[in-house]
Amino acid sequence: MATRMKLKTPGDYLLRRDVCSYGYFLLAPNHWDPRSGVFSRVCTLGDGPALVEVAQEKAGGELAVKVGRALLKEEKKELTVQLTRMLRLDEDASTLREFHASDPRFAGIGRGRLFRSPTLFEDVIKTVTSCNVTWPNTVNMNRRICEVLGDAVEVKGGKRHGFPSATKLARTRPATLRARCRVGYRDARIVELAKLFTLPKSRGGIDVGWMEDPATPDEPLYEALIDLPGIGPYAAANILQLLGRYHRLPCDTESVRHGKAVLGMTGSSAQIMKKIHEHFAPMGRHAFRSYWFELWEFYEKKHGPSWTWERDSTGKMFTAAELNKK
DNA sequence: GGTAGACCTGGACGC
DNA sequence: GCGTCCAGGTCTACC
């Protein structure tokens, strides 16, 4: 028996805009259907995996959540926590207003929330799978990780898989990850990260509560992230933004392309990255959102609104060759 | 502290 | 269709 729930949203919430706001909405197990405007994925809950579908009838209205099976009371709470994190339903309205005041370009369309994963663990692994690869490869890695290791639920016409838990990935052999999920040299790093997420803090494990706590100072958090296996300056800055801290820019080759093509910057890659940091520095704690939505606007000019993008055809949209086309 | 090279996969390109 | 080159961020060794 299916479960139906309603989720309250902030008054300005727009599902299609706020889901299709960061590339992770295109990565398995997430799925956005451009035709129906329904977001779905398999969520891992206390009693096992469940297919979850989220729709919104009108802008600013509540979210209608349909779950493929009956949920225990505790699972309903668990799912609410996961959806709230993923969809940024608890985004502080005052900081959103502050962002729009400092960068009015995005006030009119209300952009400000950035889609993320239901757990920090999934965000960290997704970040690792996006390093040193082209976007189509990141898409494939996430699809394979879910298909090979994620819990599955039966749906009409096949199966849908969730994202594997830290416990499951911690028990996976690196060779399996490499051979079946095609993660390459990231294999051991992913398993090591998963182990750190399963260990208690007293034994050197990751203190997720401390990392998620808005009261935790930025710099010690950045230092803790950069100490993790497979996490360098780019990945640490990206995880910071996924944790809601937007002061630091995760600069990569895509930033350099943007600096050259859109901002008219010249010089070596290192010089352009420095210029990009300087360019967005006046935005202070909103720097990343200002940078990101400018980049996102460039993608949308090329390919139409992000909520019309099909997951299975976006791979080629974000290759260097395609993005460098005039 | 700064730099060079290895890591691995898949897209692009030439034949 | 096949082979080769190259892009991509992190890590380690070395200066």
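What you see is a predicted model, and the numbers here were worked out from it, not measured in a lab.

Remarks on the overall build of chain A
Phase 1 of the analysis: Across its full length, chain A carries 15 helices and seven strands.
Phase 2 of the analysis: Its C-alpha atoms give chain A a radius of gyration of 19 Å, within 12% of the compact-globule value 20 Å for 326 residues.
Phase 3 of the analysis: Put simply, chain A has 326 residues, and 50% of those count as buried.
Phase 4 of the analysis: Long-range pairs, those at least 24 residues apart, make up 64% of the contacts in chain A between residues at least 6 apart in sequence.
Phase 5 of the analysis: Surface summary for chain A: the accessible area is close to 15,100 Å², and the carbon and sulfur share equals 53%.
Phase 6 of the analysis: Distance between charge centres in chain A, computed from 51 positive and 38 negative side chains, equals 4 Å.

Digging into the pairing of strand β4 (residues 48-56)
Phase 1 of the analysis: Judged by how many residues are buried, β4 sits mostly within the fold: seven of nine residues are covered.
Phase 2 of the analysis: For strand β3 (residues 38-45) and β4, the ladder comprises seven bridges, and the chain directions are antiparallel. Paired with Ser 40 across the strands is Glu 53, a residue of β4.
Phase 3 of the analysis: Here β3 hands over to β4 after two residues, the two strands then running antiparallel side by side.

Here we look at the protein's contact with DNA strand C
Phase 1 of the analysis: Near DNA strand C lie 15 residues; those nearest to it are Asn 132, Gly 230, Ala 235, Asp 252 and Thr 253.
Phase 2 of the analysis: Within 4 Å of the protein, atoms of DNA strand C come from sugar and phosphate in 60% of cases.
Phase 3 of the analysis: Ala 235 places a polar main-chain atom, nitrogen or oxygen, 2.8 Å from a phosphate oxygen of DNA strand C.
Phase 4 of the analysis: Here Thr 253 contributes a side-chain N or O atom positioned 2.9 Å from a sugar or linking oxygen of DNA strand C.
Phase 5 of the analysis: Ranked by residues supplied to the surface near DNA strand C, first place goes to helix α11 (residues 233-242) with three residues.

Here's the deal with helix α8 (residues 187-198)
Phase 1 of the analysis: Between its first and last C-alpha, α8 extends 17 Å over twelve residues, near the 16 Å set by a 1.5 Å rise per residue.
Phase 2 of the analysis: All of the buried residues along α8 are Asp 187, Ile 190, Val 191, Leu 193, Ala 194, Leu 196 and Phe 197.
Phase 3 of the analysis: Check the buried side of α8 and you find it contacts α4 (120-128), α6 (166-170), α7 (174-181) and α9 (208-212).

Focus on the domain arrangement of chain A
Phase 1 of the analysis: Domain boundaries assigned for chain A yield domain 1 (1-118), domain 2 (119-245) and domain 3 (247-304).
Phase 2 of the analysis: The distance between the C-alpha centroids of domain 1 and domain 3 comes to 27 Å.
Phase 3 of the analysis: For the pair domain 1 and domain 3, the summed buried surface comes to about 1,300 Å²; carbon and sulfur atoms form 58% of the total.
Phase 4 of the analysis: Remark: the boundary between domain 1 and domain 3 carries four salt bridges.
Phase 5 of the analysis: Among the ionic pairs, Arg 111 bridges to Glu 300, the shortest N-O distance being 3.0 Å.
Phase 6 of the analysis: Scanning the region where domain 1 abuts domain 3 turns up ten residue pairs in polar contact (both at pLDDT 80 or more).

Quick notes on the pairing of strand β7 (residues 158-161)
Side-chain positions along a regular strand alternate between the two faces of the sheet.
Phase 1 of the analysis: Note that strand β6 (residues 152-155) and β7 share four bridges and pair antiparallel. Note that in β7 the partner of Val 153 across the bridge is Arg 160.
Phase 2 of the analysis: With antiparallel pairing between neighbouring strands as the criterion, β6 and β7 make up a hairpin whose turn holds two residues, including Gly 157 at a positive phi of roughly 85 degrees.

Structural notes on the pattern of salt bridges
Phase 1 of the analysis: Summed over all chains, the structure comprises 23 salt bridges.
Phase 2 of the analysis: Here Arg 69 makes a salt bridge to Glu 75, at a shortest N to O gap of 2.9 Å. Glu 75 shares its class with Arg 69; the two are buried.
Phase 3 of the analysis: Linking Asp 207 and Lys 201 is a salt bridge whose minimum nitrogen-to-oxygen distance equals 3.5 Å.
Phase 4 of the analysis: Residue class for Lys 201 comes out exposed when judged on its relative accessible area of 59%.
Phase 5 of the analysis: By sharing partners, the salt bridges in this structure join Asp 12, Arg 17, Asp 18 and Arg 113 into a single network.

Topic: the nonpolar core
Phase 1 of the analysis: Formed by 53 residues in total, the largest nonpolar core has its most connected members in Leu 79 and Leu 87.
Phase 2 of the analysis: At nine residues, the largest contribution of residues to this core is made by helix α14 (residues 287-303).
Phase 3 of the analysis: When sequence neighbours within four positions are dropped, the list of residues in contact with Leu 87 reads Tyr 13, Val 19, Val 54, Leu 63, Arg 113 and Phe 115.
Phase 4 of the analysis: Judged by nonpolar contacts, the second largest core, of 36 residues, contains Ile 125, Phe 163, Ile 206 and Leu 225.

Parameters and conventions
Residues numbered from 1 in each chain as written. Chains lettered and ligands numbered in written order. Predicted model: local features only at pLDDT ≥ 70, side-chain atom pairs only at ≥ 80, totals over all residues. Heavy atoms only, no water. Helix = DSSP H or I, 4+ residues; strand = E, 2+ residues; numbered from the N terminus. Rg over C-alpha atoms; globule rule 2.2 N^0.38 Å. Buried < 20%, exposed > 50% of the residue type's maximum accessible area, 1.4 Å probe, protein only. Contact = heavy atoms within 4.5 Å. Areas by Shrake-Rupley, 256 points an atom, 1.4 Å probe, with all protein chains shown as cover. Lys, Arg positive; Asp, Glu negative; His and termini not counted. Charge placed at Lys NZ, Arg CZ, Asp CG, Glu CD. Pairing = 2+ DSSP bridges. Near = heavy atom within 4 Å. Polar contact = N/O pair within 3.5 Å; in protein donor to acceptor, adjacent residues only side chain to side chain. Expected span 1.5 Å × (residues − 1). Domains from an automatic or database assignment. Buried area = accessible area lost by both parts, 1.4 Å probe. Salt bridge = Lys/Arg side-chain N within 4 Å of Asp/Glu carboxyl O. Core = buried A, V, L, I, M, F, W, Y, C linked by side-chain atoms within 4.5 Å.

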